[in-house]
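Remarks on the overall topology
Here is how the chains run, residue by residue.
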Amino acid sequence: MVLAITRAVSPRFAECEITHIERRPIDLVIARAQHSAYVNTLKQLGCQVIELPAEADYPDSVFVEDTAFSLPELAVITRPGADSRRPETESIIQALSPHIDLVHVCEPATLDGGDVLVLGKSIYVGLSTRSNPAAIDQLNELLQGYGYTVSGVRTDGCLHLKSAVTRVDEKTLLINPNLVDANHFAAFDRMEVAPSEPFAANCLPVGDSIIFPLAFPKTRAKLEKRGYQLVTVDVSELAKAEGAVTCCSLILPD
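The sections below set out a description of the structure shown in this document. (Residues numbered from 1 in each chain as written. Predicted model: local features only at pLDDT ≥ 70, side-chain atom pairs only at ≥ 80, totals over all residues. Heavy atoms only, no water.)

1. Here we look at the layout of surface pockets
Here the largest pocket is characterised by a volume of approximately 1000 Å³. The wall of the largest pocket is formed by 33 residues, among which Val 118, Arg 167, Pro 205, Ile 251 and Pro 253 lie closest to the centre. Ranked by the residues each element gives to the lining of the largest pocket, the list is headed by strand β6 (residues 116–119), at four residues. When its residues are assigned to classes, the lining of the largest pocket shows 19 nonpolar, seven polar and seven charged. Approximately 500 Å³ is the volume attributed to the second largest pocket. Phe 199, Phe 216, Ala 239, Glu 242 and Gly 243 are, among the 28 residues lining the second largest pocket, the residues nearest its centre. In the lining of the second largest pocket, the residues fall into twelve nonpolar, nine polar and seven charged. (1 Å grid on protein atoms, 1.4 Å probe; cavity = no way out; pocket = protein on both sides within 12 Å on 5 of 7 lines; lining within 4 Å. Points joined across faces, edges and corners; volume = space filled by probe spheres on them. Helix = DSSP H or I, 4+ residues; strand = E, 2+ residues; numbered from the N terminus. Nonpolar A, V, L, I, M, F, W, Y, C, P; charged D, E, K, R; others polar.)

2. Side note on the sheet that holds strand β1 (residues 3–7)
The strand order β2-β1-β15 describes an open sheet built from three strands, whose pairing is mixed. Of all strands in the sheet, those bounded by a partner on one side alone are β2 (48–52) and β15 (250–252). Neighbour to neighbour, the strand axes of the sheet diverge by 20° on average, direction disregarded. The strands touched by helix α2 (residues 89–96) within the sheet are β1, β2 and β15, with β1 carrying the most contacts at an inclination of about 150°. (Pairing = 2+ DSSP bridges. Axes fitted to C-alpha atoms, helices over the stretch in contact; angles between N-to-C directions. Contact = heavy atoms within 4.5 Å.)

3. Looking at the environment of Val 231
For Val 231, the position within the fold is in strand β14 (residues 229–233). Here Val 231 is in contact with Thr 41, Leu 45, Ser 209, Ile 210, Ile 211 and Phe 212, once residues within four sequence places are set aside.

4. Considerations on α2
Each α-helix turn comprises 3.6 residues. Residues three or four places apart therefore point the same way. Within the span of α2, buried status applies to Thr 89, Ser 91, Ile 92, Ala 95 and Leu 96. Viewed end-on, α2 has its buried residues packed into an arc of 160°, placing them on one side of the element. Across from the buried face of α2, at angles greater than 90 degrees, the exposed residues are Glu 90 and Gln 94. (Buried < 20%, exposed > 50% of the residue type's maximum accessible area, 1.4 Å probe, protein only. Arc of directions from axis to C-beta.)

5. Side note on the environment of Leu 3
Relative to the elements of secondary structure, Leu 3 occurs in strand β1. If we skip the residues at most four places from it in the chain, Leu 3 touches Gln 48, Ile 50, His 99, Leu 250, Ile 251 and Leu 252.

6. What to know about helix α3 (residues 133–143)
Buried within α3 are the following residues: Ala 135, Ile 136, Gln 138, Leu 139 and Leu 143. Down the axis of α3, the buried set is contained in an arc of 165°. They therefore lie on one face. Of the surrounding elements, those touching the buried residues of α3 are β3 (68–70), β4 (75–77), β5 (102–104), β7 (122–127) and β8 (149–154).

7. Some words on the sheet that holds strand β11 (residues 189–192)
Reading across from one edge, β9-β10-β11 is the order of the three strands in this open sheet, with mixed pairing throughout. The sheet is open, and its two borders are formed by β9 (165–167) and β11, each paired with just one other strand. Put simply, the sheet's adjacent strands are angled 30° from each other on average, direction ignored. In the sheet, strand β10 (residues 172–175) pairs with β11 via four bridges, with the strands oriented parallel. Bridge pairing links Leu 173 to Arg 190 in β11.

Written out as structure tokens, the structure reads:
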């Protein structure tokens, strides 16, 4: 059974960090309802979900993906690029440590899990406002004994690498080539998002299904035409904090 870690929406969610979009009013009740539906979707798809309580002092803490990323051999605890988010890793360490070995990124590196795209033994790190080249150097040292190679990828106009490209399956990526250079991923079949849906490149495969935002019907249709089974969720209120479907869970590989 796939293990997924989630965390409830902070009561201070409306004070979240904003980088690439305009701040808009956030309805906390709607945000919590959408997150609850997202968690239920994970459960319906067969995940064992560890639901952590809300962190009242950390507005962005619902986005647990940024605090760590997991590989079959171990999990890496990140050092988030926003100072306000670094304490979020403490509870994630406690949640992960019974299940998997941990290694840690440390100063001067900064790394958000949303900037980490794992494709087999190749790991791509978005060089964004949140993740820096020192993180790539540290990851190569930490993971070289496991056969991984880590390389940096510049992003443009989005918060994280996984705002621009995510894995659909072992051979296929969903990508917006206006936000990241698609040539970095020449070995993969690259499906482009619908031009009118620039932030539709974030999807979350779980088992035989793909969790996908309700807000992007044209890109959804492209995926379904290729035979993928999509389960849509409404994350519109969470998206006001630059959130997406990968952000709200930390998935441990089978």
